[in-house]
Amino acid sequence: MHGDSDGDSGAPLGGHEQTPATRQRTKPSRSGLSWAAPEFGADPYAVLREYDAKSVVYDTALEGWIAMRHADVVELLRSPLYAKDPSKAIDGPYTRVQRAMAGSSMMFMDDPDRRRVRGLVSRAFTRNRVDAMRPRIELTAAALLDAVAGQISFDVMAAYAVPLSIIVIATMLGVDDSDRDQFKEWSEDLALEYDPSLSADMRDRVARSRNELVMYFIQAIEERTADPHDDLITALVRAHDERDQLSLEELVSTLVMLLVAGNLTTTDLIGNGVLALLEHPDQFDLLRRDRSLLPNAVEEILRYDSPVTTTDRIATKDLEIAGCPIRKGEWVWAALVAANRDPAAHSDPDRFDITRKRVDHVSFGVGSHFCLGAPLARLEAQVAIDVLLDRCPTLSLDPASPPKRRSTPAFRGLAELAVRR
Ligand code: HEM
């Protein structure tokens, strides 16, 4: 699978400089339905069918390019010529302020800064630490289902997927039980940051929650420095190599990012996965009877209905992808959901098949920014589905209440998933 290695391993760099022929070409733009439109949030696959899925197109509403083919997405995300940090391409007050606001988060850094911070964070956020969470995740999942055991119908999102992801990351970080409810509230508010339809009042509330969370983490870092615990916050505070350790700014940005990057996405992986299984009862039955298919089923869920639909880069010089001229300073979106359904990369791509042989999805990104939390997300989804199949073997969609999607175009998930046991 592409994603499993990160780009530090010497993979081909990609990124083509413009030729005289592409420099002449006009933008293959389209108007009408846009990637940024609410319709996209509702059904990106219908929007994709409207686009010419074989090319790179300019989205006039987004004022940026969209790469859709699997090969083009991989090339874009692997290439160091496309940056995360906009100040690498445009030097102006806007990009400088944006850079400052992104803080010291590895997600918005380019190499070599990203490699340094990610290397230090990886010393704390280890595979062993993630694997050690399995029994806690199993217990939490079972307890959440116990709480709705008396109900014939329940909402998988509110009762299961949302609390499970928050409790797992809070437990890993080492958030005190007494702070759990407050932490859950902040996490839920921060997840709203991506909803373009948010009212001004709600935006203020989200900003307040972010500030409070930052204050909470600063205090937690001070406490762990004086009195170390066996938790991820302490491990991050102590993470160092021969020369270096994370600064306070980097620690706080990392903690906020682990929460933001890992919470909504994992919730959505569980929700999208349960929905895909319930919409395909043959696959649900297959998995119920043969749990050895679970890891592959989760990969197929990631491909079939990715929680992250797009990610972006900015061109640091005049470049081209698939013959399309990209100018320095232009944004290019990698349409992960389109690449995951590209017939050139996957046979019969619209079919949900948990026995698919090589599930080569790009849902965790590709290259140097490959998702740091992928092992945790995979483990959580596998356990969540496993426990659900054990406890509710005859689960089905509740015909009285169809699933409701959220309106966050970059993050694809459900607001409500009513089921009957
Ligand atoms: C299903 C769940 C998840 C999905 C689909 C997902 C997706 C992604 C994607 C697409 C990227 C690459 C962004 C880019 O290249 O621009 C990424 C990066 C990242 N993810 Fe995840 N993620 C998930 C869960 C998590 C979890 C659980 C954590 C941590 C608790 C996490 C932490 C990160 C971090 C730290 C990065 C940045 C890595 C870097 O910049 O070097 N993610 N994720």
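Here goes a summary of the coordinates provided. What you see is a predicted model, and the numbers here were worked out from it, not measured in a lab.

Focus: the side chain of Asp-353
Stage number 1. Counting through the fold element by element, Asp-353 comes out in the loop between helix 16 (336-339) and helix 17 (374-391).
Stage number 2. Within the local environment of Asp-353, its side chain forms a polar contact with the side chain of Arg-351, the two groups lying 3.4 Å apart.
Stage number 3. With near-sequence residues (within four places) excluded, Asp-353 lies in contact with Gln-283 and Glu-300.

A short note on the side chain of Ser-401
Stage number 1. Within the element layout of this structure, Ser-401 appears in the loop between strand 11 (396-397) and strand 12 (404-405).
Stage number 2. Apart from residues lying up to four places away in sequence, Ser-401 is in contact with Glu-416 and Ala-418.

Examining the site of the ligand
Stage number 1. What surrounds the ligand is a group of 28 residues, the closest being Lys-84, Thr-311, Arg-313, His-369 and Cys-371.
Stage number 2. Within the side chain of Lys-84, one N or O atom sits 2.6 Å away from an oxygen atom of the ligand.
Stage number 3. Taking Arg-114, its side chain carries an N or O atom lying 3.4 Å from an oxygen atom of the ligand.
Stage number 4. Contributions of two or more residues to the shell around the ligand are made by helix 6 (113-124), helix 13 (248-279) and strand 7 (310-315).
Stage number 5. The greatest single-element share of the shell around the ligand, amounting to seven residues, is contributed by helix 13.

Digging into the coordination of the iron atom of the ligand
Stage number 1. On the protein, Cys-371 (SG) is the one donor atom to the iron atom of the ligand, at 2.3 Å.
Stage number 2. Residue placement: Cys-371 occurs in the loop between helix 16 and helix 17.

Topic: the nonpolar core
Stage number 1. The biggest cluster of nonpolar side chains holds 89 residues, and the ones touching the most others in it are Phe-154 and Phe-183.
Stage number 2. Discounting chain neighbours no more than four positions away, the residues touching Phe-183 are Ile-166, Ala-170, Leu-173, Val-175, Leu-213, Tyr-216, Phe-217 and Leu-259.

Some details on the sheet that holds strand 9 (residues 324-326)
Stage number 1. As summarised here, the arrangement of the three strands in space is 1-8-9, forming an open sheet in which the pairing is antiparallel. Edge positions in the sheet fall to strand 1 (16-17) and strand 9, since each has one partner strand and no second.

Thoughts on the packing of aromatic side chains
Stage number 1. One pass over the full model with this rule turns up eight aromatic pairs.
Stage number 2. Their ring planes at 45 degrees and their centres at 6.5 Å tell us that Trp-331 and Trp-333 sit as a pair that is tilted.
Stage number 3. Taken together, the ring pairs in this structure connect Phe-183, Trp-186, Tyr-216 and Phe-217 into an aromatic cluster.
Stage number 4. We note Arg-341 situated over the ring of Tyr-45; from NZ or CZ to the ring centre the distance is 3.8 Å.
Stage number 5. Positioned over the ring face of Tyr-304 is Arg-341, at 4.4 Å from the centre of the ring.

Basis of the calculations
Residues numbered from 1 in each chain as written. Predicted model: local features only at pLDDT ≥ 70, side-chain atom pairs only at ≥ 80, totals over all residues. Heavy atoms only, no water. Helix = DSSP H or I, 4+ residues; strand = E, 2+ residues; numbered from the N terminus. Polar contact = N/O pair within 3.5 Å; in protein donor to acceptor, adjacent residues only side chain to side chain. Contact = heavy atoms within 4.5 Å. Near = heavy atom within 4 Å. Donors = N, O, S within 2.8 Å, 3.2 Å for Na, K, Ca; no water. Core = buried A, V, L, I, M, F, W, Y, C linked by side-chain atoms within 4.5 Å. Buried < 20%, exposed > 50% of the residue type's maximum accessible area, 1.4 Å probe, protein only. Pairing = 2+ DSSP bridges. Phe/Tyr/Trp six-rings, centres within 6.5 Å; stacked < 30°, edge-to-face > 60°. Lys NZ or Arg CZ within 6 Å of the ring centre and 35° of its normal.

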